[in-house]
There are 2 protein chains.
Amino acid sequence: MTEDKTRGATIFDVARLAGVSHQTVSRVLNNLPNVRPATRQRVEQAIAQLRYVPSQAARALVTRRSRMLGLIVMGAPGQAPASTALHFNEAARDARYAVIQASMARADPAEVRAAAELLVQQSVEAVVVIAQQRAALDALAGLELGVPLVAIASEDRGIAARVGSDQFGGARAAVEHLIALGHTRVRHVAGPPDSMDAAERLRGWFQTIADRGLPASEPIIGDWSPASGHAAAAVIAADPQASAVFVANDLMALGLMHGLRERGIAVPGDVSVVGFDDLAETAYFDPPLTTVRQDFAVLGRNALTTALAVLGDEEAVVPTPAPTVLVERESTAARVGSPVE
Amino acid sequence: MTEDKTRGATIFDVARLAGVSHQTVSRVLNNLPNVRPATRQRVEQAIAQLRYVPSQAARALVTRRSRMLGLIVMGAPGQAPASTALHFNEAARDARYAVIQASMARADPAEVRAAAELLVQQSVEAVVVIAQQRAALDALAGLELGVPLVAIASEDRGIAARVGSDQFGGARAAVEHLIALGHTRVRHVAGPPDSMDAAERLRGWFQTIADRGLPASEPIIGDWSPASGHAAAAVIAADPQASAVFVANDLMALGLMHGLRERGIAVPGDVSVVGFDDLAETAYFDPPLTTVRQDFAVLGRNALTTALAVLGDEEAVVPTPAPTVLVERESTAARVGSPVE
DNA sequence: GAGTCGTGACCAGGGATGATG
DNA sequence: GCATCATCCCTGGTCACGACT
């Protein structure tokens, strides 16, 4: 009955029970040498018996290492950020780091600031941010929060350490696939202008078209939502030359195909469509969607590796962007009358 | 040049600059009375000037309150858990609590244990778990980790504090909607047996059918994936009596509709389909899916409220389950030859 | 003198007590 | 006699040093 229910055991309790000094317990905890095996075992038994858990807070106080990382995630809980966060989280736990996550639906500067302050107050060793919107990153970059900052983003807005996914290459692969099928007028439904990923995908589309000497066309601006893809269908329908569309994400592609179907335009018979993201359900769209898949596992792990490198003063080796790969399904086909096929 | 770049200022630095004792600074920080306005202002200015941020680690050490909550999220980063986690996170931040999030793709007992230990080591005040699988909850319940445990789940597996969503009511509403349309044989595509949510939805389906005196049928067991819904289409097609299906989630509903279409079965002409979750894209399925929406914002906030109540020793008032509501779209219609319509 | 172990200071704050005006 | 402030000790660990074998 000497047990106290609320307060856990301390290192001194363990020391007393094992008949050693608290310092010896500390040695055992940290796997330091110069402890007799018999002593070590006595200590370990006392630890188990008391269900002793060392206080990370106390340790952090003196070592100045909290073993905590801050993660700021902005935007609606879509597949991409959630998946990246998950893998970052798992990688961190493998490295025995805890992650304080600050999620927010909107990328409001005031909220970002509040979240960042909460993180540094909890003395995280570094802050990692998964950002889509340019302004969100800028809000953080101008904050000077006293700890290293790592961004998972497609542009480096004055933030030194950054990791990303190969958005550009993915877009390029998508457009090249369409061109290889004989399409000469490949239109683009882009994401919102403030999105860095959208910008990269648009750049990949434009560059590829330019490289092939094909005529450019005006991108159609969406907002990632199925509704905006649906609206884009009207523009495509009004452009009889357009036989292929590269859409900046799967959700808009879904809306677009829906809108085309309503207008009696067949996919891929009349118009080929390529998406981006490879959501779990895209294989069951009508038709199954050809799309670009990102490797969020690599992205998340890269972010952790970079954060650890920055902390360890090993000059942050910028990892190569996480790869993207085209997944061919049934929403693309050779252009009718094209020499291909 | 007295500034040190790595180490932040301490309470003593602030005290010295303001010409007071560290205790007075502490009073200002905690908004305690008995500080002259002039003194308070001097201190506040010193704080601003030194960019002083109080160390939460040091504070936690003496107050035994870390202002940190642990959140364990298991399962693939689907919409539901991610959305719940987001709202919990925002609610916690509003209450000035930080959230250490431990996400894991699989609900492996060993991983759960490791995550929980990491959390208590970081001295979180309570652990909240978002669990789908029964076994995952059990693994945690048998752990005795020394801090309060709150579960966001559909069954209480020996865990005192629990909040949930009204899965049962949602399923009920879905089936009643189908019955009102004249359907007499409503089949069910269920989630995996180890899922508590799946069990509740199945229970709602079964109960409603039984209450109406309609004949029961064997539920078709899926695994949440579009592929399993696709497979279920074969069973439905082989059952000419079945004119309606309540599917336990939207992804399986998508696969099911795809499979039905392949077999020349029209939705909703021949078979009506209702899903569950209301993913963003369901409105653009073909046809737009009638489904059940959960309120994750309420769910997340309820979880925080409960956690705070448990911490405050206010006996945990079990909040009413977060509501679910049927969203009618175009995948359901009156049964042909039914007196309704 | 090398391997074991213990002693005291210290990290950055909060709380009780007492001193000062 | 009350508002205001300073002086200790306390939290739970780590680290530098010294003292035994």
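About the thresholds
- Sequence positions are assigned chain by chain, starting from 1 and proceeding in written order.
- Chains and ligands are labelled sequentially in the order written, the chains with letters from A and the ligands with numbers from 1.
- The model is predicted, so local features are restricted to residues of pLDDT at least 70 and side-chain atom pairs to those at 80 or more, both for listing and for counting; the totals for chains, interfaces and linings are taken over all residues.
- Only hydrogens and water are removed before side-chain values are computed, so all heavy atoms of the structure are retained for them.
- Here the copies are matched by least squares. The fit uses the C-alpha atoms of residues with pLDDT of at least 70 in both.
- Secondary structure counts use DSSP, requiring at least four H or I residues in a row for a helix and at least two E residues in a row for a strand, with both numbered from the N terminus.
- Any two residues whose heavy atoms approach within 4.5 Å are treated as being in contact.
- Between 30 and 60 degrees the pair is tilted, below 30 it is stacked and above 60 it is edge-to-face, where a pair is any two Phe, Tyr or Trp rings, Trp via its six-membered ring, whose centres lie within 6.5 Å.
- The cut-offs for exposure are 20% and 50% of the maximum accessible area for each residue type, with area from a 1.4 Å probe on protein chains only; residues under the lower value are buried, those over the upper are exposed, and the others partly exposed.
- For a lysine, the NZ atom is tested; for an arginine, the CZ atom; a charge sits over a ring if that atom is within 6 Å of the ring centre and within 35 degrees of the ring normal.
- In this entry, domain limits derive from an automatic or database-based domain assignment.
- As used here, buried area is the combined drop in accessible area, with a 1.4 Å probe, of two parts when they are placed together.
- Should a side-chain nitrogen of Lys or Arg be within 4 Å of a carboxyl oxygen of Asp or Glu, the pair is scored as a salt bridge.
- Within 3.5 Å is the distance limit for a polar contact, defined as a pair of N or O atoms, with the added protein rule that one can donate a hydrogen and the other accept it, and that residues adjacent in sequence qualify only through two side-chain atoms.
- Lys, Arg, Asp and Glu make up the charged group, whereas Ala, Val, Leu, Ile, Met, Phe, Trp, Tyr, Cys and Pro make up the nonpolar group; the residues left over, Gly among them, are polar.
- As a rule, the C-alpha atoms of each element are fitted with a line to give its axis, helices using only the stretch in contact, and angles between N-to-C directions run from 0 to 180 degrees.
- The scheme is simple: roughly parallel for angles under 35 degrees, roughly antiparallel for over 145, roughly perpendicular for 65 to 115, oblique for anything else.
- Take the far helix as the reference: if the near one is turned anticlockwise from it by less than a right angle, the crossing is left-handed, and if turned clockwise, right-handed.
- By this definition, two strands are paired if DSSP reports at least two bridges between them.
- Only a single heavy atom is needed: when it lies within 4 Å of a molecule or strand, its residue is near that molecule or strand.
- Here, the term right-handed applies to a crossover whose path from the first strand over the helix to the second runs clockwise when the strands point away from the viewer.
- UniProt positions are given in the numbering used here, feature names are shortened, and annotations may be inferred rather than shown by experiment.
- By definition, no residue in a patch forms a salt bridge, and every one has over 30% relative accessible area; like charges are joined within 9 Å, nonpolar side chains (Val, Leu, Ile, Met, Phe, Trp, Tyr) within 5 Å.
- Per-residue accessibility takes into account occlusion by the displayed protein chains alone, with areas from the Shrake-Rupley method and a 1.4 Å probe.

The name given to chain A in an unreviewed UniProt entry is LacI family DNA-binding transcriptional regulator, with the source organism recorded as Agromyces seonyuensis.

Trainee: Please explain the relation of the copies chain B and chain A as it appears in this structure.
Mentor: What relates the pair of chain copies is a rotation about an axis plus a shift along that axis. For these two chains of identical sequence, chain B goes onto chain A by a turn of 180 degrees and a shift of 0.1 Å along the axis, with RMSD 0.1 Å. What the rotation and shift describe, once combined, is the action of a two-fold rotation axis. Nearest to the rotation axis, the C-alpha of Ile100 of chain B is located 2.1 Å from it, this being the minimum over chain B.

Trainee: Looking at this structure, how should I read the side chain of Ser217 of chain A?
Mentor: Note on placement: Ser217 of chain A falls in the loop between helix H9 (196-211) and strand S7 (220-221). Sequence-distant contacts of Ser217 of chain A, defined by excluding residues within four places in its chain, comprise Arg185, Val186, Arg187 and Trp205 of chain A.

Trainee: What exactly am I supposed to notice about the packing of aromatic side chains here?
Mentor: Each aromatic ring pair is described using two quantities: the centre-to-centre distance and the angle formed by the ring planes. All names here are of chain B. Within the structure shown, the criterion is met by four aromatic pairs over all chains. Relative to Phe276, the ring of Phe246 has its centre 6.3 Å away and its plane inclined at 55 degrees; by these criteria the two rings are tilted. Of this pair, Phe246 sits in strand S8 (residues 244-247) while Phe276 sits in the loop between strand S9 (272-274) and strand S10 (291-294); the two residues are 30 residues apart in sequence, bridging distant segments of the chain. There is no split in this pair, since Phe246 and Phe276 are both buried. Of note, Arg201 hangs over the ring of Phe276, and the distance from its end group to the ring centre comes to 3.9 Å.

Trainee: Sorry, what's going on with the domain arrangement of chain A here?
Mentor: Put simply, an interface is often sized by how much accessible area is lost when its parts join up. All names here are of chain A. As assigned here, chain A comprises domain 1 (11-54), domain 2 (66-165 + 296-322) and domain 3 (167-294). Domain 2 and domain 3 are separated by 30 Å when their C-alpha centres are compared. Facing the twelve residues of domain 2 at the interface are twelve residues of domain 3. Buried surface at the junction of domain 2 and domain 3, summed over both partners, amounts to about 1100 Å²; 50% is from carbon and sulfur atoms. At the junction of domain 2 with domain 3, the criterion picks out zero salt bridges. At the boundary of domain 2 with domain 3, the tally comes to nine residue pairs in polar contact (both at pLDDT 80 or more). Of the residues belonging to the side of domain 2 that touches domain 3, the class tally is four nonpolar, five polar and three charged.

Trainee: Would you mind showing me how to read the packing of helix H1 (residues 11-18) of chain B against helix H3 (residues 37-50) of chain B here?
Mentor: If you want to describe how two helices pack, look at the angle between their axes and the distance between the axes. Residues and elements named next belong to chain B. Axis separation between H1 and H3 bottoms out at 9 Å; the angle between their running directions is 125 degrees. Relative to H3, H1 is oriented oblique. You can see that H1 and H3 cross each other, and the crossing is right-handed. Where H1 approaches H3, its residues Asp13, Val14, Leu17 and Ala18 are matched on the opposing element by Arg42, Val43, Ala46, Ile47, Gln49 and Leu50.

Trainee: Would you mind showing me how to read the sheet that holds S7 of chain A here?
Mentor: For sheets, the rule is that strands pair by backbone hydrogen bonds, running either parallel or antiparallel. All names here are of chain A. Here four strands make up an open sheet; going across it, the order is S7-S6-S8-S9 and the pairing parallel. Looking at which strands have only one partner, the edges of the open sheet turn out to be S7 and strand S9 (272-274). Note: strand S6 (residues 186-190) against strand S8 (residues 244-247), four bridges, orientation parallel. When the sheet's bridge partners are listed, Arg187 is paired in S8 with Val245. Helix-sheet contacts for helix H8 (residues 167-180) involve S6, S8 and S9, and the interaxial angle to S8 is about 170 degrees.

Trainee: Where do I start with the protein's contact with DNA strand C in this structure?
Mentor: Around DNA strand C, 28 residues are found, and the nearest of them are Thr24, Arg27, Thr39 and Arg64 of chain A together with Ser26 of chain B. If you look at DNA strand C and keep only atoms within 4 Å of the protein, 66% of those are sugar or phosphate atoms. For DNA strand C, a phosphate oxygen lies 2.6 Å from a polar atom in the side chain of Ser26 of chain B. The separation between a phosphate oxygen of DNA strand C and a polar side-chain atom of Arg59 of chain B is 3.2 Å. Each residue belonging to the surface near DNA strand C can be placed in one class, and the counts come to ten nonpolar, 14 polar and four charged.

Trainee: Would you mind going over the pairing of S6 of chain A with me for this structure?
Mentor: The side chains of a regular strand alternate between both faces of the sheet. Residues and elements named next belong to chain A. Taking burial as the measure, the five residues of S6 include five buried ones, the bulk of the element. Side-chain alternation along S6 places Val186, His188 and Ala190 on one buried face and Arg187 and Val189 on a second face that is also buried. As paired strands, S6 and S7 are joined by two bridges and run parallel to one another. Pairing of Ala190 across the sheet is with Ile221, part of S7. With respect to chirality, the unit in which S6 leads through H9 into the neighbouring parallel S7 is right-handed.

Trainee: Please explain the UniProt feature "domain: HTH lacI-type" (unreviewed entry) in chain A as it appears in this structure.
Mentor: With numbering matched to this structure, UniProt assigns "domain: HTH lacI-type" (unreviewed entry) to residues 9-63 of chain A. Taken end to end, residues 9-63 of chain A has its terminal C-alpha atoms 21 Å apart, with 69% of it in helix and 0% in strand.

Trainee: Quick question: what am I supposed to make of the protein's contact with DNA strand D here?
Mentor: Surveying the vicinity of DNA strand D reveals 29 residues, the closest of which are Ile11 and Ser26 of chain A together with Ser21, Thr39 and Arg64 of chain B. Taking all atoms of DNA strand D within 4 Å of the protein, the share assigned to sugar and phosphate is 63%. One of the backbone nitrogen or oxygen atoms of Ala58 of chain A is found 3.5 Å away from a base nitrogen of DNA strand D. Taking Arg36 of chain B, its side chain carries an N or O atom lying 3.3 Å from a sugar or linking oxygen of DNA strand D.

Trainee: Help me understand unusual backbone geometry, please; the structure alone is not making it clear to me.
Mentor: In terms of backbone geometry, most residues other than glycine have negative phi values and most peptide bonds are trans. Each neighbour pair has its own omega, and for Val267 of chain A with Pro268 of chain A the value is 10 degrees, a cis peptide bond. Position of Pro268 of chain A among the secondary structure elements: in the loop between helix H11 (250-262) and S9. For the peptide bond that leads from Asp286 of chain A to Pro287 of chain A, omega is 0 degrees, which places it in the cis range. Its location among the elements puts Pro287 of chain A in the loop between S9 and strand S10 (291-294). Although it is not a glycine, Arg51 of chain B adopts a positive phi angle of roughly 50 degrees.

Trainee: Sorry if this is basic, but what is going on with a nonpolar patch on the surface here?
Mentor: Taken together, the side chains of Leu61 and Val62 of chain A together with Leu61 and Val62 of chain B make up a nonpolar region of the molecular surface, amounting to roughly 380 Å² of accessible area. At the level of elements, helix H4 (56-63) of chain A together with helix H4 (56-63) of chain B are the ones that each hand at least two residues to the nonpolar patch. Along the chain, the position of Leu61 of chain A falls in helix H4.

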